[in-house]
Amino acid sequence: MKFSSVAATALFLLSAPALGFSTSSRSVSSFLPQTREIHRSRPSFTSALPPKHSYANTAMSMSYSVGIVGATGAVGKEIVGVLENRGFPVSDLRIFGSSRSAGKEVETKFGKVNVELFDVDSARECDVVFLAVSGDFALEHAKKISEGEDGAVVIDNS
């Protein structure tokens, strides 16, 4: 899959209420806090992203393998929290970090997750990868993670 602004928009729409935004079902018109409505013009996240791994894939339930690079930092922890609070359909949560964080265990709603040392090939195994890292790191790795038909959707939050 290619780098997708559809996925980024979808994540925003999923997390908007938790971040103080309101949503409705037409087109994206503004990202201003609750003084204006946000309308969606693109298909829902689940229709825009077919899972490529580990699916409990029926018409009623789809789930995704999600990777978060930088999940032990403040932004990464917030992404985990939004996925938990919004009930995002996660079949497998993978947390990637630096050598300093690798091997640590993180408790999430999705269970205990061991922090893995970041590796492009490992990140590519996910359906969706959130980058909660520096801009330089994201520039270096985002395209490698997302390129090709078997690449992940990358949502860069740098």
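Nothing here was measured: the structure is a model prediction, and the numbers come from that model.

Analysis parameters
- Residues numbered from 1 in each chain as written.
- Predicted model: local features only at pLDDT ≥ 70, side-chain atom pairs only at ≥ 80, totals over all residues.
- Heavy atoms only, no water.
- Pairing = 2+ DSSP bridges.
- Helix = DSSP H or I, 4+ residues; strand = E, 2+ residues; numbered from the N terminus.
- Axes fitted to C-alpha atoms, helices over the stretch in contact; angles between N-to-C directions.
- Phe/Tyr/Trp six-rings, centres within 6.5 Å; stacked < 30°, edge-to-face > 60°.
- Buried < 20%, exposed > 50% of the residue type's maximum accessible area, 1.4 Å probe, protein only.
- Polar contact = N/O pair within 3.5 Å; in protein donor to acceptor, adjacent residues only side chain to side chain.
- Core = buried A, V, L, I, M, F, W, Y, C linked by side-chain atoms within 4.5 Å.
- Contact = heavy atoms within 4.5 Å.
- pLDDT = per-residue confidence, 0-100.
- Expected span 1.5 Å × (residues − 1).
- Arc of directions from axis to C-beta.

Engineer: Which residues make up the sheet that holds strand β6 (residues 111-117), and what are the values?
Structural biologist: What the six strands build is an open sheet, ordered β5-β6-β4-β3-β7-β8; its pairing is mixed. Each of the sheet's edge strands pairs with one partner strand only, and the pair in question is β5 (105-108) and β8 (153-156). In this sheet, adjacent strand axes meet at a mean angle of 25° when their direction is disregarded. In this structure, strand β3 (residues 64-69) lies alongside strand β7 (residues 128-131), joined through four bridges in parallel fashion. The partner of V66 across the bridge, within β7, is V128.

Engineer: Would you mind going over the packing of aromatic side chains in detail, with residue names and values included?
Structural biologist: As enumerated under the stated definition, the model contains three aromatic pairs in all. Where Y64 meets F88, the ring centres are 5.9 Å apart and the plane angle is 35°; that geometry is what we call tilted. Highlighted residues: Y64 in strand β3 and F88 in the loop between α3 (74-85) and β4 (90-97), separated in sequence by 24 residues. Both residues of the pair, Y64 and F88, count as buried.

Engineer: Can you explain the side chain of R124? Please cite residues and give values.
Structural biologist: Structurally, R124 can be placed in helix α4 (residues 120-124). Only 3.3 Å separates the side chain of R124 from the backbone oxygen of I145, close enough to count as a polar contact.

Engineer: Explain the nonpolar core to me, using residue names and the numbers behind them.
Structural biologist: Membership of the largest hydrophobic core comes to 18 residues, with the highest contact counts inside it found for V66, I68, L83, L93 and F130. Taken together, the elements giving at least two residues each to this core come down to β3, α3, β4, β6, β7 and β8. Setting aside anything within four residues of it in sequence, one finds I68 in contact with G76, I79, V80, L83, L93, R94, I95, F96 and F130. Membership of the second largest hydrophobic core comes to 13 residues, among which are V69, F96, A142 and I145.

Engineer: Go over the pairing of β5 with me, naming the residues and quoting the values.
Structural biologist: The sheet contact formed by β5 and β6 spans four bridges and is antiparallel. Each bridged residue has a counterpart across the sheet, and for E107 the counterpart in β6 is K112. Linking two consecutive strands that pair antiparallel, namely β5 and β6, is a turn of two residues.

Engineer: Describe the environment of S101, with residues and values.
Structural biologist: With respect to the secondary-structure elements, S101 resides in the loop between β4 and β5. For S101, a relative accessible area of 5% corresponds to the buried category. Setting aside its immediate chain neighbours within four residues, S101 contacts T72 and V115. Reaching out from S101, the side chain makes a polar contact with the side chain of T72 at a distance of 3.3 Å.

Engineer: So what about the confidence of the model for the protein? Which residues, and what values?
Structural biologist: Mean pLDDT over the protein: 75, with 61% of residues reaching 70 or higher. Taken as a whole, residues 21-43 scores under 50 in pLDDT and shows 45 contacts with residues more than four places along the chain or in a different chain. Counted against residues more than four places away or in other chains, residues 53-60, with its pLDDT under 50, gives eight contacts.

Engineer: With reference to specific residues and values, describe helix α5 (residues 135-146).
Structural biologist: Think of an α-helix as turning once every 3.6 residues; residues three or four places apart then point the same way. In this model, α5 (twelve residues) spans 16 Å end to end at C-alpha, consistent with the 16 Å of a helix rising 1.5 Å per residue. All buried positions along α5 are accounted for by A138, H141, A142, I145 and S146. Take α5 and look down its axis: the buried residues cluster within an arc of 125°, on one side only. Residues of α5 that are exposed and point more than 90 degrees away from the buried face comprise D136, L139 and K143. Once α5 ends, the next one or two residues include G148, with phi positive near 85°.

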